[in-house]
Amino acid sequence: MSISIISTIPKAGRAYTVNLNGAQNVVQRYQLILSAPLDIDELPTSFTGVPAINSVHPNRPGFYVSQYKVVQPDGAAKNTLDIDVYYAPTDYTSGDPSSPTPTPDSTITEWGWDDGTGEKELVVDIDGVDVVNSAKDPFDSVPSVFAPTPTFVKVVKFSTRQSYASYLCTVNDSQITIGGMSCAKGTLLCTVSERRLIGESIFPYEYTVRLRYRSNQVNESGSITELGWQLALVDAGMRELKNGIPEFIQTNSSETGQPVNITSPALLDGQGHSLISVASASGTIPDPVYLMFKAYAETSFPPWFYSEPSIPTTPTT
């Protein structure tokens, strides 16, 4: 700033906003006396005697300077600057509290799990046993059961527009714990909506993040595999591969004793061969084989999608 500052005067007035989480934005006011008015195109961004951006509030731990509102009056007062310093609660990573690292969260207005239930196909029971008939064939109709399907919701306001489109309809690529609930890889399906808040000058962009939970487990080669939102189908069909060529699976007719084509799907071994053939060769009936399919892309969600807001402290004067 080419003009020198004669003095910085803290003003007695103040302003703050309050919601269910307590005070959310605190405004502290200053007036700067200049040696001369600013040039018409001069826009200083820092001021002697005014708390710097990201500095902590002197009496409110966890509140940091998020922005300034600067006004140069007209007329006789044009050699002064009126500055409103906006403090907002900011989550930050653990470490030295004297030099916090702010996260993208500006202000959080909603955070938590909504309950819910939904139906899922029961392919493995609670003990990890395949749900098949006594001959180890799948039932004609796969049974369905109710399962918990809660949805995590977080509403965040930002001062600038955020990038989120690449996360739509994706699932988490690693385990995430939200509010004490551990969510395995692939169990959270993401949707995000954006709203422009007309008339809101501090945090005009509002984002609603929804992470829908679903658990779907299968018995894969004797171990339980969590599929989440991905798909698994029992490998079955009317044909099998013989010398690399698909041919109808055959069985001996109970009437003639001659080979005939099967009339309903038979289990396959995951390599294109009928388990009837495998059983004949080994003398035992193998377990069903599941084919895995990825229905949704996996990605790493940004922490602001699910990070928990800090608990506000009681304001001090």
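Residues numbered from 1 in each chain as written. Predicted model: local features only at pLDDT ≥ 70, side-chain atom pairs only at ≥ 80, totals over all residues. Heavy atoms only, no water.

Peer 1: Explain the overall build of the protein chain to me, please; I cannot follow it from the model alone.
Peer 2: Looking only at helices and strands, the protein chain features one helix and 24 strands. A total accessible area of about 18,400 Å² is found for the protein chain, and carbon and sulfur atoms account for 52% of it. (Helix = DSSP H or I, 4+ residues; strand = E, 2+ residues; numbered from the N terminus. Areas by Shrake-Rupley, 256 points an atom, 1.4 Å probe, with all protein chains shown as cover.)

Peer 1: Is there a simple way to explain the pairing of strand β8 (residues 151-158) in this structure?
Peer 2: Looking along a regular strand, one sees the side chains alternate between the two faces of the sheet. Of all eight residues making up β8, eight are buried, and the element is well covered by its neighbours. Residues Thr 151, Val 153, Val 155 and Lys 157 of β8 are buried on one face, and the alternating residues Phe 152, Lys 154, Val 156 and Phe 158, pointing to the opposite face, are buried as well. Two elements, strand β5 (residues 107-114) and β8, share seven bridges in a ladder whose sense is antiparallel. By the bridge assignment for β8, Asp 114 is matched with Thr 151. With eight bridges connecting them, β8 and strand β13 (residues 205-213) associate as antiparallel partners. Across the sheet, Val 153 pairs through a bridge with Arg 210, a residue of β13. (Buried < 20%, exposed > 50% of the residue type's maximum accessible area, 1.4 Å probe, protein only. Pairing = 2+ DSSP bridges.)

Peer 1: Before we go on, may I ask you to explain the nonpolar core in this structure?
Peer 2: Most often, soluble globular proteins have nonpolar side chains that are buried together. Counting 21 residues, the largest nonpolar core has Leu 188, Leu 211, Phe 301, Phe 305 and Tyr 306 as the members making the most contacts within it. With five residues, the top contributor of residues to this core is β13. In this structure Phe 301 touches Tyr 167, Thr 170, Val 171, Asn 172, Ile 176, Leu 188, Cys 190, Leu 211 and Tyr 306, once residues within four positions along its chain are discounted. Membership of the second largest hydrophobic core comes to 14 residues, among which are Val 26, Leu 32, Leu 38 and Val 50. (Core = buried A, V, L, I, M, F, W, Y, C linked by side-chain atoms within 4.5 Å. Contact = heavy atoms within 4.5 Å.)

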